[in-house]
Amino acid sequence: MVNKMNIVLLNPEIHVNTGNIGRTCVLTNTKLHLIKPLGFELDDKKIRRAGLDYWKDVKLFVWENWEHFWRENIENGNAKIYFATTKTKQRYTDVKFNDNDYIMFGPESRGIPEEILNRYKESNITIPMLPLGRSLNLSNAVAIVLFEALRQNNFEY
């Protein structure tokens, strides 16, 4: 089995979301990248409980900061990165995902910083939704976008 996709959580704040996302990553053979600072401890029982017995199987990479992640994964590689945000009109279904692409999601309370979004505008994607709330739950948003990327690649895990 080859890892096909990468989910990136920039400064995740809620352990339950990260645990649920970890479970989704295991069941889709997707790598999970966490960029510090984190709003919880990785050895916390709560994150393991949210990920159930899957947490031990997560292909997990933890990065000290945005620059470290970028330098090691994007700057020197052939992969593309997409930034999930409510601040764009480009839908997640409008882009063509390829093997080994990265899909980044920001912290639950504030999303990806504007300076990153502005710098890489062509890579910003959104999930269309009614403007009745701020956004979908992080773990739901990850599942929606990840499964579209996998669908586009014939669910080849």
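Residues numbered from 1 in each chain as written. Predicted model: local features only at pLDDT ≥ 70, side-chain atom pairs only at ≥ 80, totals over all residues. Heavy atoms only, no water.

An unreviewed UniProt entry annotates the chain as Putative tRNA (cytidine(34)-2'-O)-methyltransferase originating from Leptotrichia buccalis. Heading Sequence similarities (unreviewed entry) of the UniProt record for the chain holds this comment: "Belongs to the class IV-like SAM-binding methyltransferase superfamily. RNA methyltransferase TrmH family. TrmL subfamily." (UniProt positions renumbered as here; feature names shortened; annotations may be inferred.)

A. A look at the overall build of the chain. The helix and strand tally for the chain stands at five helices and six strands. Listed N to C, the secondary structure of the chain is β-α-β-α-β-α-β-β-α-β-α in terms of helices and strands. A compact globule built from 157 residues would reach a C-alpha radius of gyration of about 15 Å, and the chain, at 15 Å, matches this within 12%. By residue count, 47% of the 157 residues in the chain fall in the buried class. Taking the contacts inside the chain whose residues are at least 6 apart along the sequence as the reference set, 76% of them involve residues at least 24 apart. For the chain, the exposed surface amounts to about 8,500 Å²; the carbon and sulfur share of it is 48%. Between the mean site of the 21 positive side-chain charges and the mean site of the 19 negative ones, the chain shows a separation of 4 Å. (Helix = DSSP H or I, 4+ residues; strand = E, 2+ residues; numbered from the N terminus. Rg over C-alpha atoms; globule rule 2.2 N^0.38 Å. Buried < 20%, exposed > 50% of the residue type's maximum accessible area, 1.4 Å probe, protein only. Contact = heavy atoms within 4.5 Å. Areas by Shrake-Rupley, 256 points an atom, 1.4 Å probe, with all protein chains shown as cover. Lys, Arg positive; Asp, Glu negative; His and termini not counted. Charge placed at Lys NZ, Arg CZ, Asp CG, Glu CD.)

B. Looking closely at the sheet that holds strand β2 (residues 31-35). Read across the sheet, six strands follow the order β3-β2-β1-β5-β4-β6 without closing on themselves; strand pairing throughout is parallel. Where the open sheet ends on each side, the last strands, each with one partner, are β3 (60-63) and β6 (124-125). Here strand β1 (residues 6-10) runs beside strand β5 (residues 102-105); their pairing, made up of four bridges, is parallel. Directly across from isoleucine 7, in β5, lies its bridge partner isoleucine 103. Taken strand by strand, helix α1 (residues 15-28) contacts β1 and β2, and its axis lies near 150° from that of β2. (Pairing = 2+ DSSP bridges. Axes fitted to C-alpha atoms, helices over the stretch in contact; angles between N-to-C directions.)

C. Inspection of the packing of aromatic side chains at higher detail. Counting across every chain of the model gives eight aromatic pairs. With a centroid separation of 5.1 Å and 40° between ring planes, the pair formed by tryptophan 66 and tryptophan 70 is classed as tilted. Taken together, the positions of tryptophan 66 and tryptophan 70, both in helix α3 (residues 66-75) and four residues apart, correspond to about one turn of that helix. The pair tryptophan 66 / tryptophan 70 is uniform in exposure class, with both members buried. Each ring, one from tyrosine 82 and one from phenylalanine 97, has its centre 4.9 Å from the other, and the planes form 65°; the classification is edge-to-face. With tyrosine 82 in strand β4 (residues 81-84) and phenylalanine 97 in the loop between β4 and β5, the pair connects residues that are 15 residues apart, well separated along the chain. Judged by its relative accessible area of 4%, tyrosine 82 is buried. Chaining the aromatic ring pairs together yields one cluster made of Trp63, Trp66, Phe69, Trp70, Phe83, Tyr102 and Tyr120. (Phe/Tyr/Trp six-rings, centres within 6.5 Å; stacked < 30°, edge-to-face > 60°.)

D. Structural context of the pairing of β1. Extensive coverage of β1 is indicated by the burial of five of its five residues. Across five bridges, the pairing between β1 and β2 is parallel. In the strand pairing of β2, isoleucine 7 is matched with leucine 32. Between the parallel pair β1 and β2, the chain is carried across by α1, and the sense of this crossover is right-handed. (Right-handed = clockwise from strand over helix to strand, strands pointing away.)

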